[in-house]
Amino acid sequence: MIYLKNKERSRVLMSCMAVLLAFIVILLQDKCCDSAVMYNEEQNTSGDFFLDVRAGFGGKPVIPDPAKTDGKVSISLLSWKNINKICNKKKWYKKNGDLYLGTNLSFAGFNRPVFVSSYAIGDMTEDSGTVSYITEKTNKGIKKKKVKGSCIALFVTTKLEKYEKYDESYFVILDYKNGVSYKKKTTFYLHDISKWGPDLSVADVTGDGIQELLVSDLHNKWDDFGLYHADRDKHKIETIYQTDTDPGRDFIDCREFKGKLKDNYKVELKVPRIGYSKIISLIKDAGYSKKNLHNKMDDDFNHIINYVGMWKKNGKLRKKWAKKHGRVFLYTLSIPSYPKDKDGNTLIEFERPICIGHRSKGIGYMHIYMKYDQDSGKLVAGDAKYSK
């Protein structure tokens, strides 16, 4: 009887020891896994970097004062998804009048919290040689990229009651290496088509080794563009070029372009400053039929005009008709791009449809590559090409 009891106790004891050993093994595995995760995180975050920008991870945006930071700087920003949620609810303000998800930028001269949407990182005051990181949380996962720069440029909106073009908006450049901030009021705005501010990017357009701020804003059918640089001596952002402040909206690339109708259903495209000239065929290149190009039609009462019916059946140009209705011009600006020329200089590519008489009569696209002219301090045409 005693033997049976001792045997039963041994069996229970062995079972307890087995459970204890299994628990110890699990703990060791978890510890090893935790160590591996910590090691991987250390591997991922190790190395020298200056700005650590995280966007779309929730919570209120946090943007430190450049004058009160030293070394690595952590910045938290909104994502398009965050902003879209607020836009859809149309709930911009708290009871005290502050913006939901508003950001404190009092150090940059804003008395109340502001709404920050788009941003860009770069060297807009000096060639800092520092490395920064941008980590964005998207529907497809977390994206992390390395960029060079010690400055962050922000698009800031201060009033959103009407949510239209008359809102007060600013560009703000925060130089974290030198502890300085710059701001500039702008006519760009947060509009309800994209529920986002204009696209910000940086590039050295002037060739001095310091990057400029490039801004493009696509509306329904047109794009506005601006080019700015931070003046360290005056501590302000200065405008090199901006489309919507150009007199009469006669944009600089449009002024560089000349178009002329010719016999045999041809159009001559010219950019006189750089000696560019190309003759295209409305039949072979633009795809029009001879019948359409012959059809002269003018009814001012019903506003029916065939703007491409400028030629006689023998291919000769109707000069009086062409003079009245045959203006060749560039229409709306597509999204600009920033290619480099053979010498490595940054160009600004403006792409626009070419039209005859009316915007509905397109004959292809004109690409005019603007470059910075050191003598005048302005953008001028550097190259051009036609595409169908």
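Here the structure is a predicted model, which means the values were calculated and not measured.

Undergrad: Quick one: what's the story with the packing of aromatic side chains, residue by residue and with numbers?
TA: Counting across every chain of the model gives 8 aromatic pairs. Each ring, one from Phe225 and one from Tyr241, has its centre 6.5 Å from the other, and the planes form 40°; the classification is tilted. With Phe225 in strand 11 (residues 223-231) and Tyr241 in strand 12 (residues 236-242), this residue pair connects regions lying 16 residues apart in the sequence. Tyr241 carries the same exposure label as Phe225, and that label is buried. Through a chain of ring-to-ring contacts, the aromatic side chains of Phe155, Phe171, Phe188 and Tyr228 assemble into a single cluster. The ring centre of Tyr170 lies 5.4 Å from the NZ or CZ of Lys183, which sits over that ring. Against the face of Phe329 rests Arg327, its NZ or CZ located 4.2 Å from the ring centre.

Undergrad: Outline the sheet that holds strand 19 (residues 348-356), supporting the account with residue identities and numerical values.
TA: Taken in spatial order, the 4 strands of this open sheet run 18-19-20-21, and their pairing is antiparallel. Edge strands, defined here as strands with exactly one partner in the open sheet, are strand 18 (328-330) and strand 21 (378-387). If you compare each strand with its neighbour and ignore which way they point, the axes differ by 35° on average.

Undergrad: Which residues make up the side chain of Asp231, and what are the values?
TA: Looking at where Asp231 falls in the secondary structure, it is placed in strand 11. Lacking a salt bridge, the buried Asp231 has Lys234 as its closest oppositely charged neighbour, with an N-O distance of 4.5 Å. Not counting residues within four places of it along the chain, the set of residues in contact with Asp231 comprises Tyr182, Lys236 and Glu238.

Undergrad: Explain the sheet that holds strand 14 (residues 266-271) residue by residue, including any values.
TA: As summarised here, the arrangement of the 3 strands in space is 13-14-15, forming an open sheet in which the pairing is antiparallel. On the outer flanks of this sheet lie strand 13 (258-262) and strand 15 (276-281), each paired with one strand and no other. In this sheet, adjacent strand axes meet at a mean angle of 20° when their direction is disregarded. Where strand 13 meets strand 14, 5 bridges bridge the pair, whose relative direction is antiparallel. Bridging across to strand 14, Leu261 finds its partner in Val267.

Calculation criteria
Residues numbered from 1 in each chain as written. Predicted model: local features only at pLDDT ≥ 70, side-chain atom pairs only at ≥ 80, totals over all residues. Heavy atoms only, no water. Phe/Tyr/Trp six-rings, centres within 6.5 Å; stacked < 30°, edge-to-face > 60°. Helix = DSSP H or I, 4+ residues; strand = E, 2+ residues; numbered from the N terminus. Buried < 20%, exposed > 50% of the residue type's maximum accessible area, 1.4 Å probe, protein only. Lys NZ or Arg CZ within 6 Å of the ring centre and 35° of its normal. Pairing = 2+ DSSP bridges. Axes fitted to C-alpha atoms, helices over the stretch in contact; angles between N-to-C directions. Lys, Arg positive; Asp, Glu negative; His and termini not counted. Salt bridge = Lys/Arg side-chain N within 4 Å of Asp/Glu carboxyl O. Contact = heavy atoms within 4.5 Å.

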